[in-house]
Amino acid sequence: MTALRRAAAPFHTWLYPDDRGLYCAAGGFHIDPHQPVERAVITHGHSDHARAGHGAVLATPETIAVMHARLGKESAGSFQPLPYGETITLSEVQVRLVPAGHILGSAQVVIEKQGCRAVVSGDYKRAHDPTCRPFELVPCDLFVTEATFALPVFQHEPAEHEARKLLHSLEEQPERAHLVGAYGLGKCQRMIKLVREAGYEKPIYLHGAMVSLCELYEACGVALGPLVYVADAERGTLAGELVMCPPSALRERWSRRFADPVTAFASGWMRIKGRARQQGVELPLVVSDHADWPELVATIRETGAGEVWITHGRDDALGHYLSTHGVKARALSIVGWDEEAE
Amino acid sequence: MRAFAQLLEDLGYIQSRNRKLSRMVAYFRSTPDPDRGWALAALTDGVPQAVLGRLPLRRMLAELTETFIDPVLYRLSRDYVGDTAETVALLWPHRTAAQDPSESPAPEPPALGLGAIVHAFSNCDTTAQSTRLLGTLLDHLDTQGRWALLKFVGGAPRVGVSARLAKTALAEAFGHDVAEVEEVWHGVEAPYTNLFAWLEGKGPRPDVDGLPIFRPVMLAHPIEDDDWKSLAADDFVAEWKWDGIRVQISARGGQVRIFSRQGDDISGAFPEIRLVFTSHDCVADGELLVMRKGEVAPFNDLQQRLNRKVVTPRMQSQYPVHVRLYDLLFDGKEDLRPLPFTERRHRLEAWLQREKPLLVDLSALVPFASFDELNRIWAGTRAEGIEGLMLKRKESAYHAGRIKGLWYKWKRAPLTLDCVLMYAQRGAGKRSSYYSDYTFGVWRMTQTGDQELVPVGKAYSGFTDEELRHLDKWVRDHTTERFGPVRAVSAGLVLEVAFDAVQASARHKSGIAMRFPRIHRIRWDKPAAEADTIEAVNALLPQSERPPN
Ligand SMILES: [Zn+2]
Ligand SMILES: [Zn+2]
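Reading the values: the criteria
- Residues numbered from 1 in each chain as written.
- Chains lettered and ligands numbered in written order.
- Predicted model: local features only at pLDDT ≥ 70, side-chain atom pairs only at ≥ 80, totals over all residues.
- Heavy atoms only, no water.
- Helix = DSSP H or I, 4+ residues; strand = E, 2+ residues; numbered from the N terminus.
- Buried < 20%, exposed > 50% of the residue type's maximum accessible area, 1.4 Å probe, protein only.
- Contact = heavy atoms within 4.5 Å.
- Areas by Shrake-Rupley, 256 points an atom, 1.4 Å probe, with all protein chains shown as cover.
- Lys, Arg positive; Asp, Glu negative; His and termini not counted.
- Charge placed at Lys NZ, Arg CZ, Asp CG, Glu CD.
- Salt bridge = Lys/Arg side-chain N within 4 Å of Asp/Glu carboxyl O.
- Domains from an automatic or database assignment.
- Pairing = 2+ DSSP bridges.
- Axes fitted to C-alpha atoms, helices over the stretch in contact; angles between N-to-C directions.
- Buried area = accessible area lost by both parts, 1.4 Å probe.
- Nonpolar A, V, L, I, M, F, W, Y, C, P; charged D, E, K, R; others polar.
- Core = buried A, V, L, I, M, F, W, Y, C linked by side-chain atoms within 4.5 Å.
- Donors = N, O, S within 2.8 Å, 3.2 Å for Na, K, Ca; no water.
- Polar contact = N/O pair within 3.5 Å; in protein donor to acceptor, adjacent residues only side chain to side chain.
- Phe/Tyr/Trp six-rings, centres within 6.5 Å; stacked < 30°, edge-to-face > 60°.
- Lys NZ or Arg CZ within 6 Å of the ring centre and 35° of its normal.

A. Representation of the overall build of chain A in the model. When helices and strands are tallied, chain A shows eight helices and 19 strands. Out of the 342 residues in chain A, the part that is buried amounts to 60%. Here the contacts in chain A between residues at least 6 apart in sequence split such that 60% fall between residues at least 24 apart. On chain A, roughly 12700 Å² of surface is accessible, and the fraction owed to carbon and sulfur atoms is 50%. Positive and negative charge centroids in chain A, built from 34 and 42 side chains respectively, lie 3 Å apart.

B. Summary view of the pattern of salt bridges. Here the structure, examined in full by the defined rule, presents 57 salt bridges over all chains. Asp289(A) is the salt-bridge partner of Arg190(A), the closest N and O atoms lying 2.8 Å from each other. Separated by 99 residues along the polypeptide, Arg190(A) in helix α4 (residues 187-197) and Asp289(A) in the loop between β17 (283-285) and α7 (293-303) bring together distant segments of the chain. Accessibility assignment for this pair places Arg190(A) and Asp289(A) in one class, buried. Across the pair Arg344(B) and Asp327(B) runs a salt bridge, and its minimum N-O distance is 2.8 Å. Residue Arg344(B) is located in helix α17 (residues 341-355), and its partner Asp327(B) is located in strand β8 (residues 321-331); the two are separated by 17 residues in the primary sequence. Of the two residues examined, Arg344(B) and Asp327(B), each falls in the buried class.

C. View of the domain arrangement of chain B. Per the domain assignment, the segments of chain B are domain 1 (46-154), domain 2 (218-411) and domain 3 (415-545). Taking only C-alpha atoms into account, the centre of domain 1 of chain B sits 46 Å from that of domain 2 of chain B.

D. Fine view of the sheet that holds strand β2 (residues 221-222) of chain B. Residues and elements named next belong to chain B. Spatially, β2-β13-β11-β3 is the arrangement adopted by the four strands of the open sheet, whose pairing is mixed. With one partner strand each, in any of the chains shown, β2 and β3 (236-242) form the two edges of the open sheet. Packing against the sheet, α17 makes contact with β3, β11 (386-393) and β13 (407-411), and its axis sits at approximately 55 degrees to β3.

E. The domain arrangement of chain A, seen in detail. All names here are of chain A. Each assigned domain of chain A is listed here: domain 1 (11-153 + 290-331) and domain 2 (159-285). Of the residues lining the interface, 19 residues belong to domain 1; the matching set on domain 2 comes to 17 residues. Buried surface at the junction of domain 1 and domain 2, both sides included, amounts to about 1500 Å², of which 69% is carbon and sulfur. When the area that domain 1 buries against domain 2 is broken down by residue, the three leading residues are Leu104, Pro130 and Thr131, summing to 31%. For Asp129, the salt bridge identified is with Arg190, shortest N-O distance 3.8 Å. Along the lines of polarity and charge, the residues of the side of domain 1 that touches domain 2 split into nine nonpolar, six polar and four charged.

F. Looking closely at the nonpolar core. Core analysis: the largest hydrophobic core is formed by 122 residues, its most contacted members being Phe4(B), Met24(B), Phe28(B), Leu134(B) and Leu195(B). Sequence-distant contacts of Phe4(B), that is, excluding residues within four places in its chain, are made with Tyr27(B), Ala39(B), Ala42(B), Leu114(B), Ala148(B) and Phe152(B). The next biggest cluster of nonpolar side chains, apart from the first, holds 36 residues, and it includes Ala182(A), Ile204(A), Met210(A) and Tyr217(A).

G. Spotlight on the coordination of the zinc ion (ligand 2). Residue and element names in this part refer to chain A. Protein-derived ligands of the zinc ion (ligand 2) are His49 (NE2) and Asp123 (OD), with the metal-ligand distances lying across 2.2 to 2.3 Å. The zinc ion (ligand 1) is placed at 3.8 Å from the zinc ion (ligand 2), the two being bridged by Asp123. Taken as a pair, His49 in the loop between β4 (39-41) and β5 (54-59) and Asp123 in the loop between β10 (116-120) and β11 (142-147) lie far apart in primary sequence, 74 residues in all. Exposure class is identical for His49 and Asp123. Each is buried.

H. Quick peek at unusual backbone geometry. All names here are of chain B. Cis geometry is found at the peptide bond from Asp33 to Pro34, where omega equals -5 degrees. Backbone torsion omega between Ala190 and Pro191 reads 5 degrees, so that peptide bond is classified as cis. Phi is positive for Lys356, close to 45 degrees, though the residue is something other than glycine. A residue is classified by how much of its surface remains accessible, and Lys356, at 60% relative accessible area, is exposed. Unlike most non-glycine residues, Leu359 shows phi in positive territory, near 60 degrees. Mapped onto the elements of the fold, Leu359 is located in the loop between α17 and β10 (360-362).

I. A look at the interface of chain A and chain B. Tallying the contact residues gives 36 residues for chain A and 34 residues for chain B. Of the roughly 3000 Å² buried where chain A meets chain B, counting both sides, 50% is carbon and sulfur surface. It is Arg251(A), Arg256(A) and Lys273(A) in chain A that bury the most area against chain B; as a group they hold 23% of the surface buried on that side. Linking chain A to chain B there are five salt bridges. A salt bridge links Glu252(A) to Arg426(B); the shortest N-O distance between them is 3.2 Å. Along the contact surface separating chain A from chain B lie 14 residue pairs in polar contact (both at pLDDT 80 or more). For the side of chain A that touches chain B, the secondary structure elements donating two or more residues are α3 (159-172), α6 (273-278) and α8 (315-323) of chain A. Of the residues forming the side of chain A that touches chain B, the biggest block, five residues, is contributed by α6(A). Grouping the constituent residues of the side of chain A that touches chain B by class yields 13 nonpolar, eight polar and 15 charged.

J. Layout of the packing of aromatic side chains. Under the counting rule described, the total for this entry stands at 26 aromatic pairs over all chains. Plain terms: the ring middles of Trp293(A) and Tyr321(A) are 5.3 Å apart, the flat faces sit at 80 degrees to each other, and that makes the pair edge-to-face. Of this pair, Trp293(A) sits in helix α7 while Tyr321(A) sits in helix α8, and the two are 28 residues apart along the sequence. Ring geometry for Tyr398(B) against Trp407(B): centres 5.9 Å apart, planes inclined by 85 degrees, an arrangement best described as edge-to-face. You can call Trp407(B) buried: its relative accessible area is 2%. Taken together, Trp228(B), Phe368(B), Phe371(B), Trp378(B) and Trp410(B) form an aromatic cluster joined through their ring pairs. The ring of Trp309(A) is capped by Arg330(A), whose NZ or CZ atom sits 4.8 Å from the centre of that ring.

K. Quick look at the sheet that holds β5(A). Residue and element names in this part refer to chain A. Overall, mixed pairing links the six strands, which are arranged β1-β2-β3-β4-β5-β6 in an open sheet. For this open sheet the edge positions go to β1 (15-18) and β6 (76-81), each flanked by a neighbour on one side alone. Pairwise comparison of adjacent strand axes, ignoring direction, gives a mean angle of 30 degrees for this sheet. Note that β1 and strand β2 (residues 21-24) share four bridges and pair antiparallel. Across the sheet, Tyr16 pairs through a bridge with Tyr23, a residue of β2. Contacting β5 and β6, helix α2 (residues 61-71) crosses the sheet at an angle of about 150 degrees to β6.

Given below as structure tokens:
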């Protein structure tokens, strides 16, 4: 411990939750605020993290592209791109964005003040994802983590396994359309990429809600192979074809046009049978864009952080685990960051 | 275990009945003995706990899990998952080398077959041994396998498959009729090697005579308006259709079992009837009723006696049960089922004369010369406990199942009420994209003199697919609130609901419950304000159950 470190003010004096979200007072900005603020750093484009109405937004160029596509170019007063790895000084702190491995453009916010380092990780995962840069570990003093899947029952199988399961079902039941419910930003493109990697070359059909984001991924250099917008497909029941749609569409009137569809759902929640049955899913695919329990625990340990704050999710289980393993843990219970994006 | 685990998992997610069937058919055909027999046991009556050594599973799992997981984390996980077997399966550390998913799975060691697992448990002398064995097995299985193992040793897996469906799949797998399986079912035991051998044509039919087992029952068709012109009154006898439950009493050499129409053993709930039949040797078909002083009590009273494992003497005297017989399938060892109804009826009457059993009487025939006369007799009858009439063809043998033209049930024209749609819920399976389950209500005056709707029932049948589409659209267009799969709708659609009766019910906010409600007509034309009131519903209650005015 250096003299400089000892002199630094404790984190909670300059980084704390207020009524709009997590606020960095020393830098004069919020991170993923759920209410409009003057200056916001946005970790990624999911709707519970990236909202419209801020004065100035700082984010990775990819996240800005996502915000433009989903919320409009006028959704913030100004957008400032900060590519991964570049450092910017905001008032008393240095800020850097580092890949979080969650979705395209997702970033951890690394904040340094007088030699003390805090990492606000947003949503993250460690598992393989061909649609975004892999998570980079940044050693730090304070690690701010999510806890979406923070229960020891969440130990997700490799996603490649689930992609093969989907293709196997297509082979076995060529007379049925396969509807895969997946969150439109991130999960959808990852699923497409995973089945491509598993050797599936036929066109993949898209629900209207998925089209523009798939185009954006393509524009960012993530090749997804042949895609067809369902409405443009010849009137038919798409038997034996793969159709990507938002999870809600699985049970809407939209789904009735297909041949006796197999309803699949790609989500980390599918690990729990009750959740899958509740949704009436016939083919649950355990594919998560969030860290599972072993990843959460390992990541926290690897950062070497002596203090951990938990933003959203199962803070009870993770907090208990950390405090029984000698790590100071605090639940922030930030409102507005929910599980919607999984 | 891998094949069984995959079967269980698939059955849990597949929604269509036919697909569940073909999934099981494929399994029974491709899996060797005795594993398929143990799987069949798990899907029907459960793996007999006596065979496994009555494992104290909860305690064993507590002992095994506490070595690697913090109790607080375990509790949080268990609360979240909602199922102990699944929680343990998910939490269990991967102790064997994780497999590269790109490789095809290595063959499973024979020690992980269902038969070998049952054998290993039955060889354990102490709970400590069983616990060690369970731990070792869990170590060698993947998540899915662990879950299936725990469901298997724990009894009934509950994967949305009825015992009947599993037996249907078994029969279908080897080209037999499910009635043939039912006929011997209660005389064979897990792992059913002799049953499979017979079905596959490799062995004799299991010898089940002399055992107090269930014989598949003969069922009736509801009579339709078009049926009458093809029927001759002379060919039929009529009996009252009693408002109790159909039972089959199977008595052999002092052993007595009472079965429901579906073949579920409900002996435990009716010890007094069992006792009566211990001194008889027969298989009889009749109606179980609660009777007081020769009068049939409301169905509600009988319900107090159902689904009970133990019955107190107080229950027995408060709700005295009685059996009213209408058929005799076996007299001693003699199988009467091939005989015509009239002959069986004589044998039944003679048997009752001879044996004079307590708590048992004969369901009387209703004499008639023409169907018109029968109709008049019926119209003049308002006795408690009569649900309708049965018409039975005189020359018909006793056939399992529901065969057209032999037995008919003729129920009273249903009662109807105009109700207002209040909530709609998504259906299951094929109907999951439609709001197809409807809760409806009638008007009631509040304390302040306003009219409010109070729910009186729920129905999900009685409409065509075309009507379902219209109803679904109406629900979506008139939603006022959503709670999960349920939508509340504005009071604007009148449903004419048909039902068999209303009963007082403390469980319902309205104080009444309908029996067998179904949508009779959709009254698109009728203003909701003109629907029926709670007073109109109460007027249909039996006198004794009506609320004081
Ligand atoms: Zn997210
Ligand atoms: Zn999130």
